[in-house]
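# Analysis of the macromolecular model
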Amino acid sequence: MFLSLRTYLREEKPKDMSQQNEQFKKVVAHCKEYGFIFQSSEVYDGLSAAYDYGPYGVELKNNIKEYWWRSMVQMHENIVGIDAAIFMHPKTWKASGHVDAFNDPLIDNKDNNRRFRADQLIEGYAEKLQEKIDKEVIKARKRFKDNFDETKFLAESPRVVGYREQIKTVMDRFIKATGDGDMVELKAIIEDYEIADPETGSRNWTDVRQFNLMFSTQLGNIAGEEGKLYLRPETAQGIFVNFLNVQKSTRQKIPFGIAQIGKAFRNEIVARQFIFRMREFEQMEMQFFVRPGSEMQWYKYWKESRMKWHEAIGTPAEKLRFHDHDNLAHYANAAVDIEFEFPFGFKELEGIHSRTDFDLTSHQELSGKKLQYFDPELNENYVPYVVETSIGCDRMFLALISNALQEETLTSTSGKESTREVLKIHPALAPVKVAVLPLKRNEDGLVNMAKDIFKQLSFSFNCQYDDTGSIGKLYRRQDAIGTPFCVTVDFESLDDNTVTIRDRDTLEQERVPIEKIEAIVRDRVNMKQLFS
Ligand code: GAP
């Protein structure tokens, strides 16, 4: 959960923060304007950290889920899927460690009653120091131009050296306090470095205390503590408790996996950055059950396999990186994040964890039921080890759309320049695959032919018919929602049954017979390409 010192003493070239913020604002505004994502309950001024997916958002999200499901379940003969209930027996969360340890350190500001995560306040302080270093580097690079030696500058500039030492001291204390679960020390760090509420500047803090992130609710027919239920904070436990049900009913042999897509809920103290951190979100998780001792081999396999999954949709390799965990959770013997460079910097997109036999053993102990596998090759029973891949669907959505949204300058044949906003999403994931547009909306012949083509194509793809503006405007709208193909019906179409088909990325227009449209589109939007 906490970032490492390495994250703060950046090794990559500093980025211009204001540019990053601008890009992020554009992504958020685009999502609203084009019907991808709306603030939940907006008419009541919204509910923080809850979002609704609009007409294009739900299509894109479903396509992400389908891509994940097909590559994990359909493409692996030894992985099967389930859809477990969100409510689980409360003992589940005792066994998993969530009741006792799924906490964040909470601190309140006494002047304004605002709540913060103590760790985020301290990390924010270190991040500010790092930004000061970045600014010094940018200034020096401008001043010394080609003669600038960044490594030497970082090692010798007295101001930069001072900032770096300060980051190291504060982060060393922070990492130790976090590891020890020492809330008093966390408060001491905040006081020693005079860390203030970033908005009001107030330093009037309460003590730091642990805050459990699970939402609880009550069973209808049982009063008091006994009827207390939790909304699941991860989907994984639904898989663990079903391990034997699935193994026996599908006659799987180890190694095998169980996959699931579903909602998870966390009462995040501070939920920020749009759909990056929400209180209700969706996870795509897979638990891979292996023979004890073989887990590192499978951990390596899934690390590589998951990175390929991200790259296959065209995410540039330089925007993805692995980040090994320095502090392992109590249940893990290895853990790595796949980080993506969001507009606000590199952040966790997916986690791959070697979870040992912790979860199955805990459920076995607390339930008193055996959760063991009989290995016919070894002729013995054991509790399998587990390698988990876990990705947030919403975070994947944000990564995809942040990477895809581009502003391009176009030059017409007459030399006139214009800009377009285009979502360069892989065609297989695009919300709408093809738009059918009549060149003129008042011409019955064109409209009828376009509607007929739309009807035919809609048997195969999610498509759109649109005649609400000039053809230029219609193209721009389809570019903005990422539609890979636009079919235009013009007067020539009425004579020879051909149409033009425009490619979103190259802008090339090809004249093709109507009966060929489906095959052309199918070829490009087929998810099959992503799997090869
Ligand atoms: N079963 C393991 C597990 O839940 P995690 O690192 O806590 O691990 C896995 O969560 C993934 O779920 C993260 O990599 C992230 O993509 C997503 N995720 C976690 N908390 C989230 C939140 N509050 N909002 C959106 N996505 C979240």
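Look up: the structure comes first, before these words.
Residues numbered from 1 in each chain as written. Predicted model: local features only at pLDDT ≥ 70, side-chain atom pairs only at ≥ 80, totals over all residues. Heavy atoms only, no water.

### Notes on the overall build of the protein
- Helices and strands together make up the secondary structure of the protein, namely 19 helices and 23 strands.
- Against the compact-globule benchmark of 24 Å for 532 residues, the protein has a radius of gyration of 27 Å, which places it among compact chains.
- Over its C-alpha atoms, taken along the principal directions, the protein stretches across nearly 80 × 70 × 50 Å.
- Burial analysis of the protein (532 residues in total) assigns 51% to the buried set.
- Residue pairs at least 24 apart in sequence account for 67% of intrachain contacts in the protein once pairs closer than 6 positions are excluded.
- Split by element, the accessible area of the protein, about 26,100 Å² in all, is 48% carbon and sulfur.
- Here the protein carries 73 positive and 84 negative side-chain charges, and the mean point of each set is 1 Å from the other. (Helix = DSSP H or I, 4+ residues; strand = E, 2+ residues; numbered from the N terminus. Rg over C-alpha atoms; globule rule 2.2 N^0.38 Å. Buried < 20%, exposed > 50% of the residue type's maximum accessible area, 1.4 Å probe, protein only. Contact = heavy atoms within 4.5 Å. Areas by Shrake-Rupley, 256 points an atom, 1.4 Å probe, with all protein chains shown as cover. Lys, Arg positive; Asp, Glu negative; His and termini not counted. Charge placed at Lys NZ, Arg CZ, Asp CG, Glu CD.)

### Details of the pairing of strand 4 (residues 103–108)
- Counting buried positions along strand 4 yields six of six residues, so the element is predominantly enclosed.
- Every second residue of strand 4 is oriented toward a common face, with Asn-103, Pro-105 and Ile-107 on one face and Asp-104, Leu-106 and Asp-108 on the other, all of them buried.
- With four bridges joining them, strand 4 and strand 6 (residues 209–212) adopt antiparallel strand pairing. Across the sheet, Leu-106 pairs through a bridge with Arg-209, a residue of strand 6.
- One ladder, built from three bridges, connects strand 4 with strand 5 (residues 115–117); its direction is antiparallel. The residue bridging Ile-107 from the neighbouring strand is Phe-116, located in strand 5.
- In this antiparallel pair of consecutive strands, strand 4 and strand 5, the connection spans six residues, and Asn-113 shows a positive phi of 60 degrees. (Pairing = 2+ DSSP bridges.)

### Here's the deal with the state of the cysteines
- Counted by the stated rule, this structure contains zero disulfides.
- Cys-31 takes part in no disulfide bond, and the closest cysteine sulfur to it belongs to Cys-393, at a distance of 13 Å.
- Classification of Cys-31 by relative accessible area gives buried; the value is 0%. (Disulfide = S-S within 2.5 Å.)

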